[in-house]
Every structure is written in C-alpha cells, then in structure tokens.
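What the coordinates show
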Amino acid sequence: MKILFINGSPNKNGNTANLASQLLKGNDYQTLHLVDYKIYSYGQKFNDDQFEEVIEKMSQADKIIMGSPLYWHSMSGAIRNLLDRFYGTVNQGLFQNKDFYFIFQGYAPTLQQLEAGEYTMGRFARMYGMNFKGMITNSKEAKNTQI
C-alpha cells in the first residue's frame with residue numbers, strides 16, 4: 001500500500017506537515033511538497049510545467065492525503081491551483097477507489113470555513129472516483145483517524 005501526502009503549505013516543516021505526521025504515524029508514506037513543483041495556472045501552457053508529474057505520483061498511490069493551511073478563509077493557493085488544473089484535463093475515473101483525506105488546519109477556523117473546505121474536497125474526491133474519508137483539522141482528529 002502506497003500512501004502519498006501532498007503538502008500544500010509553503011512551509012515544508014510547518015503545522016500542516018506536523019499534523020500529517022501525527023495522522024500518518026506508524027505508516028510508510030511519501031511526501032510531495034507542492035512548493036517544489038512548477039504548476040502553472042489553469043489555461044497556461046509552459047514546457048517546464050510539472051502538473052503531470054504530480055498526477056503520476058497520485059496515480060501510483062493507494063491513499064492520498066492532501067493538506068493545506070487555512071489562508072484568507074480558504075485553502076492555500078497551491079492546493080487551489082492544483083484542483084483548478086484537474087478541470088478538463090484529468091480523466092474523472094483516474095483515481096477510482098483510492099482513499100482520500102484532507103488535512104485543513106489553521107488558527108481558530110470558523111465553522112463556515114471548515115464546511116466550505118470539506119464540501120470542496122469531498123466533491124473533488126468524488127468527481128475523480130476517490131473515496132472521501134474525511135477532513136482532519138487538529139491533533140485529536142489526527143490521532144483518532146485510521147489510515
């Protein structure tokens with residue numbers, strides 16, 4: 001079983017990565033830091049774009065955990081950009097039956113922010129055939145979630 005953690009934080013060792021390590025404790029997993037990849041905005045086409053590399057790594061995983069800090073009332077730009085790029089370019093069944101979790105952490109998020117994050121990521125997962133297993137927002141949830 002291959003587990004891939006996609007870190008959408010610009011801080012490789014920040015709170016998002018820390019929460020992922022709590023969630024994934026005892027599991028072998030690979031981390032992909034989006035900050036290390038050039039993923040251009042939807043509609044742009046450049047030869048050094050690495051979106052397909054990220055898709056390839058996702059397709060090789062059995063379980064995908066995507067993580068984002070809560071910035072400006074929503075997920076990070078890196079995660080949002082990744083989701084935008086899926087539209088119209090990724091086959092909707094490509095990730096069929098892969099388990100998908102979303103780590104969404106921040107200082108004192110509102111209920112509305114959490115609901116919006118869970119709605120967006122649940123819909124994203126289902127659209128591409130993944131089993132949305134839920135959202136992890138704090139250490140207690142990370143420790144109580146079975147991967």
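Given the structure is predicted, the values throughout are model-derived calculations rather than measurements.

What counts as what
Position numbers for residues start from 1 in each chain and track the written sequence from start to end. In keeping with the predicted nature of the model, local features appear solely for residues at pLDDT of at least 70, side-chain atom pairs appear and are counted solely at 80 or more, and the whole-chain, interface and lining totals rest on all residues. Processing note: side-chain calculations cover all non-hydrogen atoms of the structure and skip hydrogens and water entirely. Where helices and strands are cited, they refer to DSSP runs of H or I of at least four residues and of E of at least two residues respectively, numbered from the N terminus. Only C-alpha atoms enter the radius of gyration, while the globule expectation follows 2.2 Å times N to the 0.38, with N the number of residues. Between two residues, a contact is recorded if the distance between any of their heavy atoms is within 4.5 Å. Method for areas: the Shrake-Rupley scheme with a 1.4 Å probe, in which residue coverage is limited to the protein chains shown. Salt bridges are defined as contacts in which a side-chain nitrogen from Lys or Arg sits within 4 Å of a carboxyl oxygen from Asp or Glu. Only protein chains enter the area calculation, which uses a 1.4 Å probe; residues under 20% of their type maximum are buried, those over 50% are exposed, and those in between are partly exposed. DSSP-based pairing: two strands are paired if at least 2 bridges between them are found. Think of it like this: strands point away, you trace from the first strand over the helix to the second, and a clockwise trace means the crossover is right-handed. Axes here refer to lines fitted to C-alpha atoms; in helices the fit is confined to the stretch in contact. Angles between the N-to-C directions go from 0 to 180 degrees. In this analysis, rings of Phe, Tyr and Trp, with Trp reduced to its six-membered ring, are considered paired at centre separations within 6.5 Å, and the interplanar angle assigns stacked below 30 degrees, edge-to-face beyond 60, and tilted for intermediate values. Ring-over charges, as used throughout, are those where CZ of Arg or NZ of Lys falls within 6 Å of the ring centre and within 35 degrees of the ring normal. In this text, buried Ala, Val, Leu, Ile, Met, Phe, Trp, Tyr and Cys residues form a nonpolar core when linked through side-chain atoms within 4.5 Å.

With respect to the overall build of the protein
For the protein, the helix and strand inventory stands at five helices and five strands. Walking the protein from its N terminus toward its C terminus, one meets helices and strands in the order β-α-β-α-β-α-β-α-β-α. Compactness check: the protein gives a C-alpha radius of gyration of 14 Å against a globular reference of 15 Å for 147 residues, within 12% of the reference. Along the first, second and third principal axes, the C-alpha atoms of the protein reach 40 × 35 × 25 Å. Contacts in the protein between residues far apart in sequence, at least 24 positions, make up 76% of those at least 6 positions apart. Here the protein displays about 8200 Å² of accessible surface, and carbon together with sulfur accounts for 46% of that area.

As for the pattern of salt bridges
Going through the model one piece at a time under the given rule, you end up with five salt bridges. The salt bridge partner of Asp-36 is Lys-12, with a shortest N-O separation of 2.8 Å. A residue pair is termed long-range when its members are at least 10 positions apart, and Asp-36 in the loop between β2 (30-33) and α2 (51-60) and Lys-12 in the loop between β1 (3-7) and α1 (15-23) qualify at 24 residues. The exposure class assigned to Asp-36 is partly exposed, which follows from its relative accessible area of 42%. Residue class for Lys-12 comes out partly exposed when judged on its relative accessible area of 34%. The residue Lys-38 makes a salt bridge to Asp-48 at a minimum N-O spacing of 2.9 Å. Remark: Asp-48 occurs in the loop between β2 and α2 and Lys-38 occurs in the loop between β2 and α2; sequence separation between them is 10 residues.

Some thoughts on the pairing of strand β3 (residues 63-69)
Within β3, seven of the seven residues are buried, which leaves the element mostly enclosed by the surrounding structure. Burial along β3 is two-sided: Lys-63, Ile-65, Gly-67 and Pro-69 and Ile-64, Met-66 and Ser-68, pointing in opposite directions, are all buried. Bridge count for β1 against β3 is five bridges, and the pairing is parallel. Within the sheet, the bridge partner assigned to Phe-5 lies in β3 and is Ile-65. Pairing of β3 with strand β4 (residues 99-105) involves seven bridges; the strand directions are parallel. Residue Lys-63 lies in a different strand from β4, and its bridge partner there is Asp-99. Handedness of the β3-helix α3 (residues 77-86)-β4 crossover: right-handed.

Side note on the sheet that holds β4
Here we have five strands laid out as an open sheet, ordered β2-β1-β3-β4-β5, and parallel in their pairing. Since the sheet does not close on itself, it has two edges, and those belong to β2 and β5 (131-136), each with one partner. Strand after strand, the sheet turns through a mean of 20° between neighbouring axes, direction not considered.

Side note on the packing of aromatic side chains
As enumerated under the stated definition, the model contains 10 aromatic pairs in all. Seen from their ring centres, Phe-86 and Tyr-128 are 5.0 Å apart, and the 65° between their planes marks the pair as edge-to-face. Taken together, the residues span a long stretch of sequence, with Phe-86 in helix α3 and Tyr-128 in the loop between α4 (111-127) and β5 at a distance of 42 residues. There is no split in this pair, since Phe-86 and Tyr-128 are both buried. The ring of Phe-51 carries Arg-85 above its face, with NZ or CZ at 4.5 Å from the centroid.

Quick notes on the nonpolar core
Note that soluble globular proteins tend to have their nonpolar side chains buried in a common cluster. The biggest cluster of nonpolar side chains holds 31 residues, and the ones touching the most others in it are Met-58, Met-66 and Phe-86. Those elements that provide at least two residues to this core are β1, α2, β3, α3, β4 and α4. When neighbours within four sequence positions are excluded, Met-58 is seen to be in contact with Leu-4, Ile-6, Ile-64, Met-66, Phe-86, Phe-95 and Lys-98. Listed in part, the 13 residues of the second largest apolar core include Ala-17, Ala-20, Leu-23 and Ile-103.

Geometric values such as these leave the question of function open.
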